[in-house]
Amino acid sequence: MNEFINHFGGYISQYGYFALYGLFFFGLIGLPVPEETLLVFSGFLVSRGDLHFLPTFLVCYLGSISAMTAAYWIGFKLGHPFIDKYLKRFEKGYRMYKKTEEWFQRFGKWAIPIGYFLPGIRQYTAYFAGITELRFRTFAILAYAGGAFWTALFVSLGFILGESWERVFQLAIKKVTIWILLIFIAVVLGAYVYQRVRKKRAGGKPNE
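These lines cover the structure that appears in this document, whether it is placed above or below. Small disclaimer: the values here were computed from a predicted structure and weren't measured. (Residues numbered from 1 in each chain as written. Predicted model: local features only at pLDDT ≥ 70, side-chain atom pairs only at ≥ 80, totals over all residues. Heavy atoms only, no water.)

With respect to helix α2 (residues 17–29)
Between its terminal C-alpha atoms α2 stretches 18 Å, which fits the 18 Å expected from 13 residues at 1.5 Å a residue. Of all the positions in α2, only A19, L20, G22, L23, F24, G27 and L28 are classed as buried. Note on α2: the residue one or two positions beyond its end, G30, has a positive phi of about 145°. (Helix = DSSP H or I, 4+ residues; strand = E, 2+ residues; numbered from the N terminus. Expected span 1.5 Å × (residues − 1). Buried < 20%, exposed > 50% of the residue type's maximum accessible area, 1.4 Å probe, protein only.)

Written as structure tokens, this is what we have:
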């Protein structure tokens, strides 16, 4: 953790909000940036008075959704063959890419907001949204709403934890992430079942 603070804290100290925007943009594009840790650390800096809450939230959020939007259009314009070909050079990244493909096939468009809470997967959901030619309006609603919730949650967590953020970070992040995922999945499944039942009732009994 000290290595993280020295490395990323130096960027933030030197470049301020511009550093946060860049880190989240490149992190969501696919570079190895520990986004959740960075969000909580940013919240801690807010609690210490080094940063302000609203600008911190905005630059982290805008960096994230800018990257998601760019990834969507890369996937949409270039397609699966291009990304599949060039990502094979990076073994770890390619494995996560294929794992995300399975996630996207399983959850469809709902993998976009769920993916924010899964390190390694969130970097690729937008690519698959573009590759599968998901309507941009649908993508934007899910990606931008999910990004706002994800950013606000972890920045607020860092602000609340304050000086204790480093000591309780790992446990807190795991618990929060698991509960958020379970609640989100339950809501999505509930909405899906409700829509199916409603359509079935509206359509009447099927022909025998």
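Observations regarding unusual backbone geometry
A positive phi is found at E133, a non-glycine position, where the angle reads about 60°. Structurally, E133 can be placed in the loop between α7 (122–131) and α8 (136–161).

A look at the pattern of salt bridges
If you walk through the whole model with that rule in mind, you get 3 salt bridges. Between E35 and R122 there is a salt bridge, with its nearest N and O atoms 3.0 Å apart. Here R122 lies in helix α7 and E35 lies in helix α3 (residues 35–48), a separation of 87 residues in the sequence. For R48, the salt bridge is made with D50, and the minimal N-O distance between the two is 2.5 Å. Three or more residues joined by partner-sharing salt bridges are found here, namely E35, E36 and R122. (Salt bridge = Lys/Arg side-chain N within 4 Å of Asp/Glu carboxyl O.)

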